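One-letter residues, chain by chain:
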Amino acid sequence: MKEINNGTIYTNENCTGCNKCISVCPSLVANHAVTTIVDGYERSHIDVDSDACVQCGSCFDVCTHHARSYSDDLNTLLEDLKKGDSISMIVAPAFIANYPKEYKKLLGQCKALGIRNIYSVSAGADITTWAYLNWIIDHNATGMISQTCPAVVNYVETYIPELLPKLIPIHSPMMCTAIYAKKYLKCDDKLVFLSPCIAKGHEIHDKNTHGYVSYNVTFDHLVTYLNSFKSSYQEQDDNELFYQMGSVYPMP
């Protein structure tokens, strides 16, 4: 059963049916033109087929009406924190690049919400890079495809499965960080990924990632919530974040 406009990415009431989203979408069937009658007038809008959408976000970039919205796991995370669940956070290196003057305050506020430990995904980026180099050398591989971006993986899985053997069988930095935290740092908490990417939710909830990460929470949704945060907090100490060379992973 198809989910039309009821998935991770969906069309909101701002849509005018201008079709710009269709022009940039990599999927020919992810957008559905719909006409409804509102107050006696026809209203056109473009809805999203969540089964066909690969969550690449191109429609957000091109839409001048701000007519696309998305859901992540923020509300579920907040509910579980209120229940007293033990939760730690892994943070994409891009967070500090996006909020260079605010990240200590914002991560301190996360601690005040109940987040126990915070780990930088830069360590996982180092592991991923090391594993990629070794795999490519060991297999004398050329013309392979990185699995770091879940939108790319979604596209291959959905539309060109003949390229599946070309995906390098190495986890993303997020997953490498999660496995490292669980296996070597002995973190028994549930993990939330503080993420720049809508599509990471697909990776997190895929059965092949075995539930290592429980929540995908995007920068935008979390920061919007934290900007209304009133409780006391202490700024995050950089020493805990355990930066590695992978801190520059998102720069290109």
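Everything that follows concerns the structure shown earlier in this document.
So, here's what we can say about the structure. Quick caveat, the model's predicted, so the values are computed rather than measured. (Residues numbered from 1 in each chain as written. Predicted model: local features only at pLDDT ≥ 70, side-chain atom pairs only at ≥ 80, totals over all residues. Heavy atoms only, no water.)

**Things to note about the packing of helix α6 (residues 122-139) against helix α8 (residues 173-183)**
Helix packing geometry: the angle between the two helix axes and the distance between the axes.
Okay, so step 1: Look at α6 against α8: their axes get within 7 Å of each other, and the N-to-C directions meet at 105°. It follows that α6 is roughly perpendicular to α8 by the angle criterion. Packed against α6, whose contacting residues are Ala123, Gly124, Ala125, Ile127 and Thr128, the element α8 presents Pro173, Cys176, Thr177 and Tyr180 at the interface.
Okay, so step 2: For the contact of α6 with α8, a count of residues per class yields 6 nonpolar, 3 polar and no charged. (Axes fitted to C-alpha atoms, helices over the stretch in contact; angles between N-to-C directions. Helix = DSSP H or I, 4+ residues; strand = E, 2+ residues; numbered from the N terminus. Parallel < 35°, antiparallel > 145°, perpendicular 65-115°, else oblique. Contact = heavy atoms within 4.5 Å. Nonpolar A, V, L, I, M, F, W, Y, C, P; charged D, E, K, R; others polar.)

**A look at the environment of lysine 230**
Okay, so step 1: One can find lysine 230 in the loop between α10 (219-226) and α11 (238-241).
Okay, so step 2: The spatial distance from the C-alpha of lysine 230 to the C-alpha of lysine 183 is 36 Å, given a sequence separation of 47 residues.

**Side note on the nonpolar core**
Okay, so step 1: Core analysis: the largest hydrophobic core is formed by 37 residues, its most contacted members being Met89, Ile90 and Phe95.
Okay, so step 2: Beyond its immediate stretch of four places on either side in the chain, phenylalanine 95 contacts Tyr103, Leu106, Leu107, Leu194, Phe219 and Val223.
Okay, so step 3: Counting 13 residues, the second largest nonpolar core, distinct from the first, contains Ile9, Cys63, Tyr70 and Ile198. (Core = buried A, V, L, I, M, F, W, Y, C linked by side-chain atoms within 4.5 Å. Buried < 20%, exposed > 50% of the residue type's maximum accessible area, 1.4 Å probe, protein only.)

**Focus on the pattern of salt bridges**
Okay, so step 1: By the definition in use, this model includes 5 salt bridges.
Okay, so step 2: With its nearest N and O atoms 3.2 Å apart, the salt bridge here joins lysine 83 to aspartate 80.
Okay, so step 3: Residue class for aspartate 80 comes out buried when judged on its relative accessible area of 8%.
Okay, so step 4: The closest approach of N and O atoms between glutamate 203 and lysine 200, which form a salt bridge, is 2.7 Å. Highlighted residues: glutamate 203 and lysine 200, both in helix α9 (residues 200-204), separated by 3 residues, approximately one helical turn. As far as the burial class goes, glutamate 203 and lysine 200 line up, both buried.
Okay, so step 5: Each member of the salt-bridge network shares a partner with another, and the members are Asp80, Lys83, Asp85 and Lys190. (Salt bridge = Lys/Arg side-chain N within 4 Å of Asp/Glu carboxyl O.)

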